[in-house]
Structures are given as structure tokens and as C-alpha cells.
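Descriptive analysis of the structure
Now for the letters of each chain:
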Amino acid sequence: MQLYRVQAIVLNSYEMRDAHRVLTLYTREKGKVRAVAHGVAKPTSKKRGAVQPFCHTDFLLRRGRELDSVSQCEGREIFPALWADLDLMSYAGHATGLVDRLTADGEPDQHIFSLLLGILRVLEKTKKPELAIRSFELRLVSLLGYLPHLDSCTNCGETNLSPNSYFSPGAGGLVCRNCRTPGTADCFCGGEAVSVLKALLNWELVTVERIRITRQAGAQIKLIMTEYLKWLTERRSGPLEFMEKVRDYKP
Ligand SMILES: [Zn+2]
């Protein structure tokens, strides 16, 4: 029987038969880990609160042949405000879902752990969750090695981009009007959107709610991040999906 301790954020929790739940955890020590929590869906279970999605919890896990299991757990932070507001819950679900989709099992990254914990704490208090979540997305892609290039055209190097530049997900940053490829996912990015993107990356996560932004620039940034994350998700899940297809292939 091999036991190990981790500090984790619960990304997902799926109910199985007999009141068991399968948890996907992002742990500080071991990255993404899946574990089964026996009997936690019973109303009498004392572990119930600490295994809910978004919970920041200390776990004692037992190594298993197929899945590890929860031996003990104690919640540190349960973020009640996220559960009381449907919008906040969906923002928190978006953040945990991105970490789940974009990270591989067993690859720890303390910066990603701190960023995820940081966004849950900010969402619990902020009045501008939209700005906080955009900042989280930008920081997450940067930690994964995809820091967007925002100082010049990624293709020709032109630095005088204002007011009409575009964000190209495939190029990983801005492109000028001449270098954009019409008919692709390249998104319009005005001067204000460029400035706000830089501020969202550079300001502390807890202070980004002070950034002033027009509705128009907010919509541009939302579209840019949607397209960039879509491109990144396809890129990172591509080989895995391919392997699953190969495995399931029956001639
Ligand atoms: Zn160019």
C-alpha cells in the first residue's frame, strides 16, 4: 500500500456507481492526477465538500493498479461565491476545463497551479470576472509556451501596426494588414485591444479589474482568445486523438 500527499485543485468530478466519484485533480506536486473517491456521493460522507470541483484540498492518495484512490482529504478553500452565482461558476468551470484540456497527466508545473488557484481566488471577489478570465487565459497560454507576440508583425516585423492589425492564432501574435490571410481565423485587433492585451499580461491578476476597456475592445479580445485557445486545443489534443483512433482501429 503506497500512500502519497498532494495539494490539489479539483478540476472535475464524475459520479460513478455506488456513490463513488472519479476526480481529476491538478496537484502542485505531480500535475494532473485522476483518483477515485469511494462513497463520497453519499449524503453522510465527510469527504463530500472537499472533492467538489474548484475545491483547494489536501489529499492523501493511495496508489492503485488502474486508478489511485482517496484515502483522506481535507478542504482548504471551497470558494462558496463561485457556487452561488451561475456566471462565476461558468467562469471557474472554463478555467479548470482549460487546465484539464491543455495539460498532460503527471507533468507538474507550480506556476500553472498558482495561476489556477489565483484565478479562483480572484473570481471569488472580483466585480469584473471577464477581464480576470481573459488575463488567466493569456497567462496560461504563455506558461504553456505560447506567449502571444504583440510588439510587431510576426511575419514582416513592421512595428507601426496601429490602428489596424490582426491577431493570427497560427502565427501566435499580431500580423499587419498586408500580412494577414483573409478567410482564416485571423481576428481584427485595434490599438486599444493591443494595449489591453499587454496590460492583462503584465498587471498582477488581482489588479486587472482596474483596467479600463470599451465594450468594442473587450469583444475583440474575447474573439482573439477564443480563436487562439481553439487553435491551441486542436494542436495539443491532435496527437492524442490520433493515438486513440489508432488504438480503436479495427480492420
Ligand atoms: Zn506584416
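Scroll up a little and you will see the structure.
We now turn to the structure provided with this report. Only a predicted model underlies this, so the values are computations on that prediction, with no experimental measurement involved.

Time to look at the environment of Gly-93. By the secondary structure assignment, Gly-93 is in helix 2 (residues 86-102). Under the relative-accessibility criterion, Gly-93 is labelled partly exposed at 30%. Placed 33 residues apart in sequence, Gly-93 and Thr-126 show a C-alpha to C-alpha distance of 16 Å.

Turning our eyes to something else, we now look at the pattern of salt bridges. Applying the stated criterion across every chain yields a total of 12 salt bridges. A salt bridge links Glu-130 to Arg-134; the shortest N-O distance between them is 2.8 Å. Of the two residues, Glu-130 and Arg-134 are both situated in helix 4 (residues 129-143); the distance of 4 residues between them amounts to about one turn of the helix.

All told, the structure shown has 0 disulfides when counted by the stated rule. Sulfur of Cys-73: no disulfide; nearest cysteine sulfur belongs to Cys-55 and is 8.9 Å away.

The topology assignment puts Val-141 in helix 4. On the basis of relative accessibility, which here comes to 0%, the residue Val-141 falls in the buried class. When the C-alpha atoms of Val-141 and Ile-112 are compared, they prove to be 10.0 Å apart, with 29 residues separating the residues in sequence.

A few words now on the coordination of the zinc ion. The coordination sphere of the zinc ion, as far as protein atoms go, consists of Cys-153 (SG), Cys-156 (SG), Cys-176 (SG) and Cys-179 (SG), spread over 2.3 to 2.4 Å. Between the 4 donor atoms coordinating the zinc ion, the angles at the centre fall across 101 to 118 degrees, so the site counts as tetrahedral. If you list the donors of the zinc ion from N- to C-terminus, the spacing comes out as C-x2-C-x19-C-x2-C. Of the two residues, Cys-156 is situated in the loop between helix 4 and strand 6 (165-168) and Cys-176 in the loop between strand 7 (173-175) and strand 8 (187-189); the sequence distance between them amounts to 20 residues.

Two elements in contact, helix 2 and helix 4, have axes separated by 11 Å at closest approach and are oriented at 5 degrees. Our classification of the angle between helix 2 and helix 4 gives roughly parallel. Contacts between helix 2 and helix 4 involve Leu-88, Tyr-91, His-94, Ala-95, Leu-98, Val-99 and Leu-102 from the former and Pro-129, Glu-130, Ile-133, Phe-136, Glu-137 and Leu-140 from the latter. Among the residues making up the contact of helix 2 with helix 4, the classes are represented as 10 nonpolar, 1 polar and 2 charged.

Now for unusual backbone geometry. In this structure, Ala-19 takes a positive phi of about 65 degrees despite not being glycine. Relative to the assigned elements, Ala-19 resides in the loop between strand 1 (3-15) and strand 2 (21-27). For Ala-19, a relative accessible area of 17% translates into the label buried. Residue Phe-79 is not a glycine yet carries a positive backbone phi of 50 degrees. Here Phe-79 is to be found in the loop between strand 5 (68-77) and helix 1 (80-84).

The next thing to look at is the sheet that holds strand 3 (residues 31-37). Pairing is mixed around the closed barrel formed by 5 strands, whose spatial order is 1-2-3-5-4. In this sheet, adjacent strand axes meet at a mean angle of 50 degrees when their direction is disregarded. Strand direction decides the pairing type here: strand 3 and strand 5, joined by 2 bridges, are parallel. In the strand pairing of strand 5, Ala-35 is matched with Asp-68. Across the sheet, helix 2 is in contact with strand 1, strand 2 and strand 3; its angle to strand 1 comes to roughly 110 degrees. This element, helix 3 (residues 110-125), spans strand 1, strand 2, strand 4 (56-62) and strand 5 of the sheet and lies at about 55 degrees to strand 1.

Burial along strand 6 is two-sided: the residues Ser-165 and Phe-167 and Tyr-166 and Ser-168 are all buried. Of the pairings in the sheet, the one linking strand 6 to strand 8 comprises 3 bridges and is antiparallel in character. Bridge pairing in strand 8 places Phe-167 opposite Cys-187. In this sheet, strand 7 lies alongside strand 6 in antiparallel orientation, the contact comprising 3 bridges. Paired with Tyr-166 across the bridge in strand 7 is Val-175.

About the cut-offs
- Residues numbered from 1 in each chain as written.
- Predicted model: local features only at pLDDT ≥ 70, side-chain atom pairs only at ≥ 80, totals over all residues.
- Heavy atoms only, no water.
- Helix = DSSP H or I, 4+ residues; strand = E, 2+ residues; numbered from the N terminus.
- Buried < 20%, exposed > 50% of the residue type's maximum accessible area, 1.4 Å probe, protein only.
- Salt bridge = Lys/Arg side-chain N within 4 Å of Asp/Glu carboxyl O.
- Disulfide = S-S within 2.5 Å.
- Donors = N, O, S within 2.8 Å, 3.2 Å for Na, K, Ca; no water.
- Tetrahedral: all angles 85-135°; square planar, octahedral: opposite > 155°, others 65-115°.
- Axes fitted to C-alpha atoms, helices over the stretch in contact; angles between N-to-C directions.
- Parallel < 35°, antiparallel > 145°, perpendicular 65-115°, else oblique.
- Contact = heavy atoms within 4.5 Å.
- Nonpolar A, V, L, I, M, F, W, Y, C, P; charged D, E, K, R; others polar.
- Pairing = 2+ DSSP bridges.

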